Amino acid sequence: MSGKKYDVVALGELLIDFTENGISDQGNTIFEANPGGAPCNVLAMLNKLGRKTAFMGKVGVDIFGNKLKAVLDQVGIDTSALLMDPDVRTTLAFVQTFADGDRDFSFYRNPGADMMLTETELNEEMLAQCRIFHFGTLSMTHEEVRKATKKAIAIAKENGALISFDPNLRPPLWTSLDLAKEQVDYGLRQCDILKISDNEIQWFTGKEDYDEGIRILRETYQIPLILLSLGKEGSRAYYKDLRVEQAPYLQKNTIETTGAGDTFGGSCLHFVLEHGLDHLDGEKLSVMLSFANGAAALITTRKGALKVMPEPEEVKKMIETT
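Residues numbered from 1 in each chain as written. Predicted model: local features only at pLDDT ≥ 70, side-chain atom pairs only at ≥ 80, totals over all residues. Heavy atoms only, no water.

S.K.: Hey, could you run me through the environment of V184 in this one?
M.R.: Of note, V184 is situated in helix α5 (residues 177–190). Considering only alpha carbons, one finds V184 and P167, 17 residues apart in sequence, at a separation of 6.2 Å. Here V184 is in contact with T137, F165, P167, W203 and F204, once residues within four sequence places are set aside. (Helix = DSSP H or I, 4+ residues; strand = E, 2+ residues; numbered from the N terminus. Contact = heavy atoms within 4.5 Å.)

S.K.: Even after reading the chapter, I still don't get the environment of S286, so can you show me in this structure?
M.R.: Its place among the elements puts S286 in helix α9 (residues 282–299). Residue S286 is classed as partly exposed on the basis of its relative accessible area of 27%. Through-space distance from the C-alpha of S286 to that of H142 is 38 Å; in sequence the pair is 144 residues apart. Beyond its immediate chain neighbours, meaning those up to four positions away, S286 contacts V244 and Q246. Of the polar contacts made by the side chain of S286, one reaches the side chain of Q246; its length is 3.1 Å. (Buried < 20%, exposed > 50% of the residue type's maximum accessible area, 1.4 Å probe, protein only. Polar contact = N/O pair within 3.5 Å; in protein donor to acceptor, adjacent residues only side chain to side chain.)

S.K.: Looking at this structure, I do not really get empty space enclosed by the protein. What am I missing?
M.R.: Rolling a probe over the atoms, with the probe sized like a water molecule, indicates the empty space that remains. In this structure the tally under the stated criterion is 2 cavities of 30 Å³ or more. The volume enclosed by the largest cavity comes to roughly 70 Å³. Lining the largest cavity are 13 residues; nearest its centre among them are H134, S164, K195, G265 and L269. Elements with a minimum of two residues in the lining of the largest cavity: β9 (162–166), β10 (193–197) and α8 (260–275). Class assignment of the residues belonging to the lining of the largest cavity gives a composition of 6 nonpolar, 4 polar and 3 charged. Of the voids in this model, the second largest cavity is the one considered here, and its volume is about 50 Å³. Within the residue set of the lining of the second largest cavity, elements represented by two or more residues are α1 (38–48) and β8 (130–136). Class assignment for the residues of the lining of the second largest cavity results in 5 nonpolar, 4 polar and 3 charged. (1 Å grid on protein atoms, 1.4 Å probe; cavity = no way out; pocket = protein on both sides within 12 Å on 5 of 7 lines; lining within 4 Å. Points joined across faces, edges and corners; volume = space filled by probe spheres on them. Nonpolar A, V, L, I, M, F, W, Y, C, P; charged D, E, K, R; others polar.)

S.K.: Whenever I open this one, the pattern of salt bridges confuses me. Can you help?
M.R.: As a working rule, side chains carrying opposite charge can pair if their charged atoms are close by. Summed over all chains, the structure comprises 19 salt bridges. With a shortest N-O distance of 3.7 Å, E144 and K147 are connected by a salt bridge. Here E144 and its partner K147 are both found in helix α4 (residues 143–158), 3 residues apart, which amounts to about one turn of the helix. Under the relative-accessibility criterion, E144 is labelled partly exposed at 38%. Residue K147 is classed as partly exposed on the basis of its relative accessible area, which comes to 35%. With a closest N to O distance of 2.8 Å, R215 and E219 form a salt bridge. Of this pair, R215 and E219 both sit in helix α7 (residues 210–221), 4 residues apart, roughly one helical turn. (Salt bridge = Lys/Arg side-chain N within 4 Å of Asp/Glu carboxyl O.)

S.K.: What's the story with the packing of α8 against α9 in this structure? I'm lost.
M.R.: Packed helix pairs are characterised by how far apart their axes lie and by the angle those axes make with each other. Between α8 and α9, the shortest axis-to-axis distance is 8 Å and the interhelical angle comes to 150°. The two elements α8 and α9 cross, and the hand of that crossing is right-handed. Every residue of α9 that contacts α8 at A260, T263, F264, S267, C268, F271 and H275 is listed here: K284, V287, M288, L289, F291, A292, N293, A295, A296 and I299. Classifying every residue of the contact of α8 with α9 by side-chain character gives 12 nonpolar, 4 polar and 1 charged. (Axes fitted to C-alpha atoms, helices over the stretch in contact; angles between N-to-C directions. Left-handed = near helix turned anticlockwise from the far one by under 90°.)

S.K.: It is not clear to me how the packing of aromatic side chains should be interpreted in this structure. Could you clarify?
M.R.: Two aromatic rings, taken as a pair, are described by how far apart their centres are and by the angle between their planes. Summed over all chains, the structure comprises 9 aromatic pairs. Aromatic pair F204 and Y221: ring centres 6.5 Å apart, planes at 50°, arrangement tilted. One end of the pair, F204, is in helix α6 (residues 198–205); the other, Y221, is in helix α7, and 17 residues separate them in sequence. Among the residues examined, F204 registers a relative accessible area of 15% and is labelled buried. Residue classification places Y221 among the buried residues on the basis of a relative accessible area of 12%. (Phe/Tyr/Trp six-rings, centres within 6.5 Å; stacked < 30°, edge-to-face > 60°.)

Structure below.
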């Protein structure tokens, strides 16, 4: 796979995250327009680590769509497969941040341009030229983009790519959580690398104990590498008979957690690109999680994620001094 043009190609949502940024003189909440969308956040971290990436998706021909394309170009993500729809507006998400740094989302996506990608619009040559194909479930909430996602997975697989999946559950975007579970099940059946959060594993398996939930996933789906993000509790990796846990690098100046899981996931994909998926061991997994936790910790100290991913030197320095 080393002869491939792209290290990682991702498909999914590209949107604006309007995040709270203070109060106006009149007492109104001020929102800052941050470029976002989980798949591109992952790619942005990979670009910081020197990887060649490309994004497949759709935005509107509007103020926000133009800004998003410009940002991807700025951070070095290939936009040749980013389509711009003149008829549907770019998806927007308003993010409410709580005192503990957690957040809630309100989406403006009925429809949003990211939902409108179709099978016939896929860049099949790009999919054939990637080492890893990454996707989530926001591109599986509606029928046409779901078909496009499944076709993209199939093409990437046929051409030898590893498949990376992050469920990234956003309940408000689904007509029902039963449909969400059905599509998560599909993703779990396709992937070689799974990044899943603590609340998602509990929701999907119905098990409060994370290890019990992971055991169910491993028995059902035989996923080679499972990465479990635990927020303030750090992270774990499950690989063959190994279970490796890594403590977090909690920051005193954390302001929000948007993009932390994507930063973590992108860092782990970089490690897989470097070391492969066949001969990992406990020491390697510990190193991987340590760096990924550090990168995720740094992004929680910044507004947004896509434009402000940490440099690898920043992460290493923070780890060494914590």
